[in-house]
Amino acid sequence: MPLSKLFRLDKRPSEKTKLGIYIHIPFCRSKCQYCDFYSLGGSREKDLTDLYLQALPLHIREFGARARDYSVDTVYFGGGTPSFFGAEGLVRIFNELQRRFDVQSDAEVTFEANPDSAQSALLQKLHSEGFNRMSLGVQTDNDDLLKKLGRPHNYEQAVTAVRNARNAGFNNISLDLIYGLPGQSFEEWKGTLNHVLELEPEHMSCYGLKVEEGTPLWEYRDCCNLPDEDDQADMYLYACDKLSESGFRQYEISNFAKPGLESKHNLKYWLGGEYLGFGPSAASDFAGKRFTIRADIMDYCEGVLKGGTILSECEDMPSRERAGEYLMLRLRTTHGIDADEYTRRFLLPFRPIRKLLDRFGEMGFVRQDESRYYLTPKGMLISNKILAELLLAQEKSEPLAKKQR
């Protein structure tokens, strides 16, 4: 059964629901040592890209007819390395989106790029076609570390890429950094952050290195001199302080932005908005269903072109699971969780949650503003522990509707 037939969207609200769209571009020049995303390192064979450019627009066309009650306000091209895929392919996909969906004229349109493939011609073409935000994978200013990580660029190329983007007209640039790298000291991280801030980005993402099973880095993790948890914590807290001093506002555990320049697309994930994903491994939360596409480009292309199954999972989300996601995702952000909103939306008592939050607040991990609760930077460091206790308390709570019977 074609994916679009799973959905019946017959009601037309007076105001269209906002929708985010994610496009997965699985092609990369090379696979980084730490990367566990679905991507094809070293692959951009013409036959495979041509096949992908047949399947992906068809998938978009099929689903566009089922989303007439939606208005697209964010589009995000991720990967993989979209800039490696090239401007022609990206523009072709975006044009198909604009034909099949109600894409707002002021939509945030982001593409991910690596410095080695963020060339002037590509950036000028994308900007002229409506792309208005770039997320650049810098990671570090240390060229030796970049080589160890398998990154296909050096720092000077990152500097050039930012300059090229500015010249092309981009005024919303996000830079990604990773801390806790092999052999990286606290002083080196400080130097990196201060150096990269000289590029004057509008947005910064600072991620602690996670060594995932199945990646090349996993195989030699015990002998590559990784900073320990305490060292990573010091690096994280320094980033929070330094970026605040530099005019950035932290709005999520790892993300910081100049006022008004938060990633609108990523906020959809964290604040419970609806989004559609296209391409292998892409996830969606659309019309009450949560579904994920198989992480295999050939399965995806053949499924779309021949009408086969492309999903690895598809499910309705029960209210209690939504309530758990509300806690997990909202507490990643500085929006926090609101007691009244939680009770109203999920018909669950907030009292057991409040009891735990008050206890963590006494330890400096949570702060409260009337009925809203937020994690402090120190609290974000132990967010997994806090969330585990909150979710356990939630599982044991009895729905208010049941109590009232």
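This text goes with the structure placed above it.
Quantities reported herein were computed from a predicted structural model and do not represent experimental measurements.

1. Comments concerning the overall build of the protein
Now for step 1: If you tally the helices and strands in the protein, you get 17 helices and 17 strands.
Now for step 2: The C-alpha radius of gyration of the protein comes to 22 Å, within 12% of the 22 Å expected for a compact globule of 405 residues.
Now for step 3: Projecting the C-alpha coordinates of the protein onto the three principal axes gives extents of approximately 65 × 55 × 40 Å.
Now for step 4: Burial statistics for the protein: of 405 residues in total, 53% are counted as buried.
Now for step 5: Long-range pairs, those at least 24 residues apart, make up 71% of the contacts in the protein with a sequence separation of at least 6.
Now for step 6: Here the protein has roughly 18,800 Å² of accessible surface; of this, 46% comes from carbon and sulfur atoms.
Now for step 7: Side chains of the protein give 53 positive and 60 negative charges; the mean places of these two sets differ by 7 Å.

2. Overview of the pairing of strand β17 (residues 372-375)
Now for step 1: Alignment of strand β15 (residues 337-338) against β17, held across two bridges, turns out to be antiparallel. Note on β17: the bridge partner recorded for I337 is Y373.
Now for step 2: Pairing geometry for strand β16 (residues 366-369) and β17, over four bridges, is antiparallel. Its bridge partner lying in β17, R367 is registered against Y374.
Now for step 3: Counting the residues between successive antiparallel strands, the hairpin from β16 to β17 contains two residues, one of them, E370, with a positive phi of roughly 55 degrees.

3. Considerations on the state of the cysteines
Now for step 1: Here the structure, examined in full by the defined rule, presents zero disulfides.
Now for step 2: This cysteine, C35, is not joined by any disulfide, and C32 carries the nearest cysteine sulfur, 6.2 Å off.
Now for step 3: Owing to a relative accessible area of 17%, C35 belongs among the buried residues under this scheme.

Here is what the cut-offs are and how they apply
- Residues numbered from 1 in each chain as written.
- Predicted model: local features only at pLDDT ≥ 70, side-chain atom pairs only at ≥ 80, totals over all residues.
- Heavy atoms only, no water.
- Helix = DSSP H or I, 4+ residues; strand = E, 2+ residues; numbered from the N terminus.
- Rg over C-alpha atoms; globule rule 2.2 N^0.38 Å.
- Buried < 20%, exposed > 50% of the residue type's maximum accessible area, 1.4 Å probe, protein only.
- Contact = heavy atoms within 4.5 Å.
- Areas by Shrake-Rupley, 256 points an atom, 1.4 Å probe, with all protein chains shown as cover.
- Lys, Arg positive; Asp, Glu negative; His and termini not counted.
- Charge placed at Lys NZ, Arg CZ, Asp CG, Glu CD.
- Pairing = 2+ DSSP bridges.
- Disulfide = S-S within 2.5 Å.

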